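Here is what each chain is made of, one letter per residue.
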Amino acid sequence: MNGIEVKGVSKNFGTLAALKEVNVLFEENRIYGLLGRNGAGKSTLLNVITGRIFAEQGTVTIDGEVSAENDRALKNIYMMSEKNYFPEGMKVRDAFKWTKEFYPAFDRAYADSLSAKFELNTNKKIKSLSTGYASIFKLITALATNAKYILLDEPILGLDANHRDLFYRTLIEKYSENPCTIVISTHLIEEAAGVLDHVVILKNGEVIRNESKDDLLAGSYMVSGVAAAVDAYYAGRNVLGSDSLGGLKTAYVEGEPDAAGMPDGLVASRMDLQKLFIQLTNA
Amino acid sequence: MNLKSVYKYQLDNFSKSILIYYLVIACVFGLIFFGIATSFVTIKMDFAESTNSGLNISGFEFASVVFLFVGGLNMFRETFRLSMQNGVSRKSIWSGTALSFLTVGGGMALIDTVTRLVGVNFASRYNVEFQGLYDLLCADRSAKNSMIQNAFEGFLLNFCFYMAALAIGYFITVGYYRMNKIAKIIVSIGVPGFYIFVLPFADVLLFKGALTNAIVKAILFAFGGTNGDNPYFAMGSGLLVSAIFLGLAYLMVRRAPIKD
């Protein structure tokens, strides 16, 4: 089967179960959002997929080949981490040179053009880059590898609004010209939502949602109105959570709004991804 | 492909320090030979001592052994992280590193063999004795053998010692990488403490010096000292040490996780 298939993966750090029998398939040519609160297991899952750490149980296959300690499988995947794993004293241009050595499909011209776009000085040493530019360097490297599967762990860490906007546009451009699977792990859900077409949500080391963004958002809504009316409305329904402000209340409900319409005084509206994420992961 | 990339990276990583090292060696020998040739300088250094016939310069390859040991200590962490970033398996990291050791060890053994030949040839004109590691370990054999045989055996001996120095350095650095903080403290204090305090006291109080004698005998045996000038004993010991420490390093590398 093509794609990255994670089967029954568990990983513990001491007594902490970071991943609990995780099963997930990252299919070809899709942009995934890997979402979860701090400590949910996002980075751990990405590190297990790329073989940087070992799972206690379970397997990861890339296009049907077990990825652990398999150079052939691993060359199809590139992960941009929150941490920098290039030598600190290495210059950006040398990092590009060495990445090309490991990933022959690395497009140096594209990396240089992106560096110019993001105003990244390739003569600088990696250790001298600011947090934002260190992220830009890692992003450019990841996108230029032309790997079949690109995993981005906190790709926009430290980027200003302009650079974040440029990144999303660059990502879409890259994806439309040269489709690949991109997995974005981020906390800036509202911003990233525009580029995602599939969402995997982790909570306490378990996958609680794994579906297309549209299906996920279509499966819930919010109802606002006077508290008593909202309480009466959601009795017997599957409520994800609620917020109260003064005498007003908003309830987040799973399912579809009643076709017959809402009771008087209540307004139903679609949830955005961030709101839904908060409700799903709050408890 | 990945093995080749790791190999190239390790060699690239090592090349600058090797160049600087040989520049220093060239400067030191240049100064010594200039002093000898012009009779301008009377040299008295750790490795050059006065003899009846003039000067004796010996065992300069020990500097290479120390250099390569330190080099081995620096060959893991950075390469491991870079390789993990670039989708390389641990097996390829280890294999690429081991291959780079063969190249670096072989290359430096060759350079040092040539240096010895040049040194012996030059020094003999000025009544100076120039000895390599091989001449020190196999003095009688070296005096009897042809120049080519000495060069060949000297090269092999250097190579085996250099491989051992690299392997021990690599093993130590991989070991430290795999240890947690407490284990690092225990090993850092415990190992030197054992050799400096426990071993001598135990030897004097419990074994009446037998332990030291046994260690000296073992070292002599390993270096061929008890087998009449046979350099192949020392070569074998060097290769065995290399194989053991590289093997142990592999066992630790193959399950090494990336650490932040």
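Quick caveat: nothing in here was measured; it's all calculated off a predicted structure.

### Let's talk about the overall build of chain B
Argument step 1. Scanning chain B from N- to C-terminus turns up ten helices and three strands.
Argument step 2. Along chain B, from the amino end to the carboxyl end, the secondary structure elements read α-β-β-α-α-α-β-α-α-α-α-α-α.
Argument step 3. Dimensions along the principal axes, computed over C-alpha positions, put chain B at roughly 60 × 55 × 30 Å.
Argument step 4. Counting every position in chain B, which comprises 260 residues, the buried fraction comes to 33%.

### Here's the deal with the interface of chain A and chain B
It is common to give the size of an interface as the accessible area that goes away when the parts come together.
Argument step 1. Of the residues lining the interface, 20 residues belong to chain A; the matching set on chain B comes to 20 residues.
Argument step 2. For the side of chain A that touches chain B, the secondary-structure elements that each account for two or more residues are helix 2 (71-74), strand 6 (77-80) and helix 3 (92-102) of chain A.
Argument step 3. By residue number, the principal contributor to the side of chain A that touches chain B is helix 3 of chain A, which donates four residues.
Argument step 4. Along the lines of polarity and charge, the residues of the side of chain A that touches chain B split into eleven nonpolar, three polar and six charged.

### A look at unusual backbone geometry
All names here are of chain A.
Argument step 1. The phi angle at asparagine 29 is positive, at roughly 55°, despite the residue not being glycine.
Argument step 2. Structurally, asparagine 29 is set in the loop between strand 2 (16-26) and strand 3 (31-36).
Argument step 3. Although it is not a glycine, glutamate 154 sits at a positive phi angle of roughly 50°.

### Quick notes on the environment of B:Val128
All names here are of chain B.
Argument step 1. Note on placement: valine 128 falls in the loop between helix 4 (90-124) and strand 3 (129-131).
Argument step 2. A count of 21 C-beta atoms within 10 Å places valine 128 in the buried class.
Argument step 3. Placed 72 residues apart in sequence, valine 128 and asparagine 56 show a C-alpha to C-alpha distance of 5.9 Å.

### Things to note about the packing of helix 7 (residues 147-178) of chain B against helix 10 (residues 231-253) of chain B
Residue and element names in this part refer to chain B.
Argument step 1. In contact at an axis separation of 8 Å, helix 7 and helix 10 are set at 25° when each is read in the N-to-C sense. When the interaxial angle is binned, helix 7 and helix 10 end up roughly parallel. Seen along the crossing, helix 7 lies across helix 10 with a hand that is left-handed.

### Looking at the sheet that holds strand 13 (residues 248-254) of chain A
Residues and elements named next belong to chain A.
Argument step 1. Taken in spatial order, the four strands make up an open sheet running 12-13-11-14, and their pairing is antiparallel. Edge positions in the open sheet fall to strand 12 (239-245) and strand 14 (267-270), since each of these has one partner strand only. Neighbouring strand axes in the sheet, compared pairwise and without regard to direction, differ in orientation by 20° on average.
Argument step 2. Here strand 11 (residues 220-226) pairs with strand 13 via seven bridges, running antiparallel. Following the sheet pairing, tyrosine 221 is matched in strand 13 by valine 253.

### Considerations on the sheet that holds strand 5 (residues 65-66) of chain A
The pairing of strands in a sheet comes from backbone hydrogen bonds and takes either a parallel or an antiparallel form.
Residue and element names in this part refer to chain A.
Argument step 1. Taken together, the four strands give an open sheet; going across it, the order is 2-1-4-5, and neighbouring strands pair in antiparallel fashion. The outermost strands of the open sheet, each flanked by one partner alone, are strand 2 and strand 5.
Argument step 2. Both strand 1 (residues 4-13) and strand 4 (residues 57-62) contribute to a ladder of five bridges, which runs antiparallel. Residue pairing in the sheet places valine 6 in a bridge with valine 60 of strand 4.

### Remarks on the domain arrangement of chain A
Residues and elements named next belong to chain A.
Argument step 1. In terms of domain boundaries, chain A breaks down into domain 1 (4-215) and domain 2 (219-282).
Argument step 2. Each partner contributes to the interface: domain 1 provides twelve residues, whereas domain 2 provides seven residues.
Argument step 3. Every element with two or more residues in the side of domain 1 that touches domain 2 is listed here: strand 3, helix 7 (189-192), strand 9 (198-203), strand 10 (206-212) and helix 8 (213-218).
Argument step 4. Classifying every residue of the side of domain 1 that touches domain 2 gives five nonpolar, one polar and six charged.

### Some remarks on helix 8 (residues 181-205) of chain B
Argument step 1. In this model, helix 8 of chain B (25 residues) spans 33 Å end to end at C-alpha, consistent with the 36 Å of a helix rising 1.5 Å per residue.
Argument step 2. Little of helix 8 of chain B sits out of view: just zero of its 25 residues are buried.

### Notes on the confidence of the model for chain B
Residue and element names in this part refer to chain B.
Argument step 1. Averaged over all residues, the pLDDT of chain B equals 90, while 92% of them reach at least 70.
Argument step 2. Taken as a whole, residues 43-47 scores under 50 in pLDDT and shows nine contacts with residues more than four places along the chain or in a different chain.
Argument step 3. Interface confidence for the predicted complex, given as ipTM, is 0.92, next to a pTM of 0.91.

Thresholds applied
Residues numbered from 1 in each chain as written. Chains lettered and ligands numbered in written order. Predicted model: local features only at pLDDT ≥ 70, side-chain atom pairs only at ≥ 80, totals over all residues. Helix = DSSP H or I, 4+ residues; strand = E, 2+ residues; numbered from the N terminus. Buried ≥ 20, exposed ≤ 12 C-beta atoms within 10 Å, placed from the backbone. Contact = placed C-beta atoms within 7 Å. Nonpolar A, V, L, I, M, F, W, Y, C, P; charged D, E, K, R; others polar. Axes fitted to C-alpha atoms, helices over the stretch in contact; angles between N-to-C directions. Parallel < 35°, antiparallel > 145°, perpendicular 65-115°, else oblique. Left-handed = near helix turned anticlockwise from the far one by under 90°. Pairing = 2+ DSSP bridges. Domains from an automatic or database assignment. Expected span 1.5 Å × (residues − 1). pLDDT = per-residue confidence, 0-100.

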